[in-house]
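Understanding the architecture of this molecule
Next come the chains, spelled out residue by residue.
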Amino acid sequence: MTNSTGTRLGADIRTLADARRWALIGAELTFEAVAGLDDAGYAAPSALPGWTRAHVAAHVAANAEALSNLVHWAATGEPTPMYASPEERAAGIERGRALPAGRLTAWLRGSADALEARMDELTDEQWRHEVVTAQGRTVPATELPWMRSREVCVHAVDLATGVSFADLPGDFLIALCDDVTAKRAAAPGPAVTLRAGAIGAGWELPGEGDPVLVTGELHDITAYLTGRAADPRAADGSPAPALGAWL
């Protein structure tokens with residue numbers, strides 16, 4: 001299974017049911033990651049530079065509410081953007097990260113449960129209705145569970161309480177690598193060939209010069225592609241090329 005064009009391999013294998021399953025798994029991992037955190041635990045650094053665990057948790061909770069706005073849009077036809085503005089989005093995270101631990105955890109779980117309940121109510125026709133994301137992309141509502149699964153699964157790792165990419169479903173990791181590769185192909189950086197040897201999957205990042213080969217387990221390749229690997233190495237032992245932001 002090799003992706004050499006920057007297209008998404010997961011487009012052929014990823015279904016609405018897959019994405020909803022991954023979103024539930026990611027949400028549960030997130031709940032487990034914050035279980036028992038007190039104010040000091042939330043104030044500890046996350047894996048994201050400049051953000052505490054509270055910032056990450058508030059971001060994930062706000063994301064559920066924002067996606068609920070798009071579910072409402074799909075259900076009613078009434079345009080309801082994810083966020084009123086980028087400033088409002090940032091302010092919401094700041095308000096959330098300042099909440100006491102118990103209230104932040106309750107918001108994280110309550111917003112996730114509410115989003116799932118609202119998605120449960122969508123009809124087959126409503127799932128096909130188009131909405132506009134915070135990045136200005138027009139997508140069918142069927143894309144929303146994938147957007148949610150990506151948020152909760154990746155940020156469960158970012159909370160830095162012990163969850164790793166190895167804890168995530170393999171089919172999700174393949175779909176995520178496909179997605180990240182497609183996004184990176186739109187703004188080429190260093191040329192890289194990636195091989196997840198154990199499962200025979202591979203991806204190509206276009207760029208100038210001879211591609212650098214990076215190999216590893218699927219979860220290692222995913223961590224590197226998403227910028228989460230602490231010390232990525234090429235197959236020859238040299239440092240792997242640094243990759244820019246993908247979202």
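Everything that follows concerns the structure shown earlier in this document.
Residues numbered from 1 in each chain as written. Predicted model: local features only at pLDDT ≥ 70, side-chain atom pairs only at ≥ 80, totals over all residues. Heavy atoms only, no water.

Here's the deal with the packing of helix α8 (residues 144-158) against helix α9 (residues 170-185)
It is at 11 Å that the axes of α8 and α9 come closest, and there the two elements cross at 105°. One way to sum up the angle between α8 and α9 is to call them roughly perpendicular. Across from Trp146, Ser149, Arg150, Cys153 and Val154 in α8, the residues of α9 making contact are Phe172, Ala175, Leu176, Asp179 and Lys183. Split into classes, the residues belonging to the contact of α8 with α9 amount to 6 nonpolar, 1 polar and 3 charged. (Axes fitted to C-alpha atoms, helices over the stretch in contact; angles between N-to-C directions. Helix = DSSP H or I, 4+ residues; strand = E, 2+ residues; numbered from the N terminus. Parallel < 35°, antiparallel > 145°, perpendicular 65-115°, else oblique. Contact = heavy atoms within 4.5 Å. Nonpolar A, V, L, I, M, F, W, Y, C, P; charged D, E, K, R; others polar.)

Topic: the nonpolar core
Of all hydrophobic cores here, the largest spans 54 residues; its most connected members are Leu194 and Trp203. The next biggest cluster of nonpolar side chains, apart from the first, holds 18 residues, and it includes Val71, Tyr83, Leu115 and Val139. (Core = buried A, V, L, I, M, F, W, Y, C linked by side-chain atoms within 4.5 Å. Buried < 20%, exposed > 50% of the residue type's maximum accessible area, 1.4 Å probe, protein only.)

As for the side chain of Glu204
Its location among the elements puts Glu204 in strand β5 (residues 201-205). Here the side chain of Glu204 touches Thr193 through a polar contact of 2.8 Å, side chain to side chain. A distance of 3.2 Å separates a polar atom in the side chain of Glu204 from a polar atom in the side chain of Arg195. (Polar contact = N/O pair within 3.5 Å; in protein donor to acceptor, adjacent residues only side chain to side chain.)

Some words on the packing of aromatic side chains
Enumeration over the complete set of coordinates arrives at 3 aromatic pairs. Each ring, one from Trp22 and one from Trp146, has its centre 5.9 Å from the other, and the planes form 70°; the classification is edge-to-face. Here Trp22 is found in helix α2 (residues 16-34), whereas its partner Trp146 is found in helix α8, with 124 residues between them in sequence. An aromatic cluster is present here, built from Trp22, Trp146 and Phe172 joined pairwise through their rings. Here Arg109 stacks its cationic end above the ring of Phe31, 4.0 Å away from the centre of that ring. (Phe/Tyr/Trp six-rings, centres within 6.5 Å; stacked < 30°, edge-to-face > 60°. Lys NZ or Arg CZ within 6 Å of the ring centre and 35° of its normal.)

Quick notes on the layout of surface pockets
The computed volume of the largest pocket comes to approximately 670 Å³. Lining the largest pocket we find 30 residues, and of these His59, Glu151, His155, Trp246 and Leu247 sit closest to its centre. Of all the elements in the fold, those that place two or more residues in the lining of the largest pocket are α4 (53-76), α8 and α9. Examining the composition of the lining of the largest pocket, we find that 7 residues originate from one element, α8, more than from any other. Residue composition of the lining of the largest pocket, grouped by class: 14 nonpolar, 7 polar and 9 charged. The calculated volume of the second largest pocket comes to roughly 170 Å³. Among the elements of the structure, β6 (207-216) and α10 (218-225) are those that each provide at least two residues to the lining of the second largest pocket. With 4 residues, α10 is the largest single contributor of residues to the lining of the second largest pocket. Grouping the constituent residues of the lining of the second largest pocket by class yields 6 nonpolar, 1 polar and 4 charged. (1 Å grid on protein atoms, 1.4 Å probe; cavity = no way out; pocket = protein on both sides within 12 Å on 5 of 7 lines; lining within 4 Å. Points joined across faces, edges and corners; volume = space filled by probe spheres on them.)

Some words on empty space enclosed by the protein
Per the stated rule, a full pass over the model turns up 1 cavity of 30 Å³ or more. Of the volumes computed, that of the largest cavity is approximately 40 Å³. Considering the residues around the largest cavity, the lining is formed by Ala23, Leu24, Ala27, Ala112, Leu115, Glu116 and Arg148. Those elements that place two or more of their residues in the lining of the largest cavity are α2 and α6 (101-120).

Here's the deal with the pairing of β5
Summarising burial for β5: 5 of the 5 residues are buried, a large majority. Taking every second residue as pointing to the same face, both faces of β5 are buried, with Ala201, Trp203 and Leu205 on one and Gly202 and Glu204 on the other. Strand direction decides the pairing type here: strand β4 (residues 189-196) and β5, joined by 5 bridges, are antiparallel. Following the sheet pairing, Val192 is matched in β5 by Leu205. Hairpin geometry of β4 and β5 is characterised by an intervening segment of 4 residues between the two adjacent antiparallel strands and by a positive phi of about 70° at Gly200. (Pairing = 2+ DSSP bridges.)

A word on the pairing of β4
Sheet topology note: the β4/β6 ladder contains 7 bridges and is parallel. Note that in β6 the partner of Gly189 across the bridge is Gly207.

Here's the deal with α8
For α8, with 15 residues, the first-to-last C-alpha span of 21 Å sits near the 21 Å given by 1.5 Å per residue. Across the 15 residues of α8, 15 count as buried, placing the element largely inside the fold. Just downstream of α8 lies Ala160, where phi reads positive at about 60°. (Expected span 1.5 Å × (residues − 1).)

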